Amino acid sequence: MSLMSCVDSEILRYGSQVTIISGEERVQTRAFVEPLRYRNKIYIGGEYRPLGVAIREKYLYIGRPAYRLHENRSVIEAHGERYLVKRSETFFVRDLPVYEWAIMVPYGAEREDDYDADP
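Rules used throughout
- Residues numbered from 1 in each chain as written.
- Predicted model: local features only at pLDDT ≥ 70, side-chain atom pairs only at ≥ 80, totals over all residues.
- Heavy atoms only, no water.
- Phe/Tyr/Trp six-rings, centres within 6.5 Å; stacked < 30°, edge-to-face > 60°.
- Helix = DSSP H or I, 4+ residues; strand = E, 2+ residues; numbered from the N terminus.
- Buried < 20%, exposed > 50% of the residue type's maximum accessible area, 1.4 Å probe, protein only.
- Lys NZ or Arg CZ within 6 Å of the ring centre and 35° of its normal.
- Core = buried A, V, L, I, M, F, W, Y, C linked by side-chain atoms within 4.5 Å.
- Contact = heavy atoms within 4.5 Å.

As a further point, take the packing of aromatic side chains. By the definition in use, this model includes two aromatic pairs. Measuring from ring centre to ring centre gives 4.7 Å for Y59 and Y83, while their planes differ by 50°; the resulting arrangement is tilted. Of the two residues, Y59 is situated in strand β3 (residues 59–63) and Y83 in strand β5 (residues 81–93); the sequence distance between them amounts to 24 residues. No difference in accessibility class separates Y59 from Y83, as the two residues are buried. Between F91 and Y99 the ring centres are 5.0 Å apart and the planes differ by 15°, which places this aromatic pair in the stacked class. On the basis of relative accessibility, which here comes to 22%, the residue Y99 falls in the partly exposed class. In this structure, R82 packs its charged tip against the face of Y107, placed 4.8 Å from the ring centre.

Put into structure tokens, the structure is as follows:
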């Protein structure tokens, strides 16, 4: 079994049911969706802040490479929640896509990084 088919079968076997919404297109598939904890802040440019100061929740998505995600446009529905894709990339091995990963935030929540900068 190749690496690509192995990763794909594991996502299908152990991933959660998700819906990817990009524009008018809705696709149901399986993927891993989990919160990013404090230890992962280095990967998303976060800074430690006391609780209650700002909404800082971020979530990790790992899914099949057949479904590409679009930053600030793709919405993921999983576990009864909706998330907006803020950053996404495809992981390749020898020019073949293995999986798609993304950093997401709760959909519709005003995020600290989304505020307009003061003039």
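Time to look at unusual backbone geometry. Positive phi, normally seen in glycine, also occurs at N72, with a value near 60°. Taking relative accessible area as the criterion, N72 reaches 46% and is therefore assigned partly exposed. Positioned with a positive phi, R94 is a non-glycine residue whose angle comes to about 50°. With respect to the helices and strands, the residue R94 is situated in the loop between β5 and β6 (96–106). Residue classification places R94 among the exposed residues on the basis of a relative accessible area of 80%.

Turning our eyes to something else, we now look at the nonpolar core. Residues V18, V33, Y61, L69, I76 and M104 are the most contacted members of the largest nonpolar core, which totals 13 residues. Broken down by secondary-structure element, the contributors of at least two residues to this core are β1 (16–22), β2 (25–35), β3, β4 (75–78), β5 and β6. Dropping the residues within four chain positions of it, I76 is found in contact with V18, T19, I20, Y61, L69, E81, R82, Y83, V85 and M104.

Along the chain, Y14 falls in helix α1 (residues 3–14). Judged by its relative accessible area of 52%, Y14 falls in the exposed class. Put simply, Y14 and A31 are 17 residues apart on the chain and 8.1 Å apart in space, counted from C-alpha to C-alpha.

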